[in-house]
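Understanding the architecture of this molecule
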Amino acid sequence: MKKLKPIFPYCISYLCAGALGYLFHYLFKFFSSSPFVAPFFPINESVFEHLKLLLYPFMLVSLIEILIRKKKFQSTLPYRIFGITFSIIFLPIVYYILKRIFGNIHIGNIILYFVFLFLSYFITYWFEKKETTPNKSIAILAYCTLFLLVFLFTLLTYLPPEAELFKDPTLQTYGYLF
C-alpha cells in the first residue's frame, strides 16, 4: 500500500492563501487605486475581479512554499497551475448557476471562494501525491497557461468586455476607471 503525502502543508498553504485573498480584497484602495497594482488586486466587485483573489494569493503562496520546502519547480508548479486554472474556469459557472437559483447571497459568495480555493489545493495534492514529475510538454502547457492567465487578467482589468462577468454590481461599471 502506497503511503500518502502529508496533507498538513497543504492545509497551511490553504489557510495562508485564504488569508492573503482576504487581504488582497482591500489592497487596491490601500495603494490609492494605482493603475500599476490594478492587475493584481480586485478593483471592483465584479466576479472577474474576484478571480484575482484565487489566482494571485494561490500562486504567491505556492512559490513561497516551493522555495521554503526546496521543491523543484518542474515537479510542483505545473500541478499548482492546473489546480488554480480549474477553479478560475469553474467558479464563475457555479456562481451564476447558484445566483440564478438562490439569488445573490453574500455569505454564499465567500463560501464559494473558499470551496474553490480548497479544490485548487485538492487537485494539486491529488497530482503531487503521485510524486511524479510532469513531462516536458505538460510543464510547458502549464507555464503557457499561467502566462496566458496573467496576461488576460491584466488586459481584461483595463479593457473588459461589457459582459456580466466583468460588471461591477455596485457601480454598474466595467474595469479600471481612469
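Structure first, text after, so check above.
Given the structure is predicted, the values throughout are model-derived calculations rather than measurements.

Take the pattern of salt bridges next. Applying the stated criterion across every chain yields a total of four salt bridges. In this structure, K52 and E49 form a salt bridge, with 2.6 Å as the shortest nitrogen-oxygen distance. With K52 and E49 both in helix 2 (residues 47–68) and three residues apart, this pair spans about one turn of that helix. Classification of K52 as buried rests on a relative accessible area of 0%. Here E49 falls in the buried class, since its relative accessible area comes to 1%. Note that R80 and E128 form a salt bridge whose closest N and O atoms lie 3.1 Å from each other. Taken together, the positions of R80 in helix 3 (residues 73–102) and E128 in helix 4 (residues 106–128) put the pair 48 residues apart, joining distant regions of the chain. Linked through salt bridges whose partners overlap, the residues forming this network are E65, R80 and E128.

Attention now goes to unusual backbone geometry. In this structure, S32 takes a positive phi of about 55° despite not being glycine. Accessibility expressed as a relative area gives 62% for S32, which makes it exposed. For Q172, which is not a glycine, the phi torsion comes out positive at approximately 60°. Within the secondary structure layout, Q172 lies in the segment after helix 5 (136–158). The class for Q172 is partly exposed, based on a relative accessible area of 47%.

Rules of the game
Residues numbered from 1 in each chain as written. Predicted model: local features only at pLDDT ≥ 70, side-chain atom pairs only at ≥ 80, totals over all residues. Heavy atoms only, no water. Salt bridge = Lys/Arg side-chain N within 4 Å of Asp/Glu carboxyl O. Helix = DSSP H or I, 4+ residues; strand = E, 2+ residues; numbered from the N terminus. Buried < 20%, exposed > 50% of the residue type's maximum accessible area, 1.4 Å probe, protein only.

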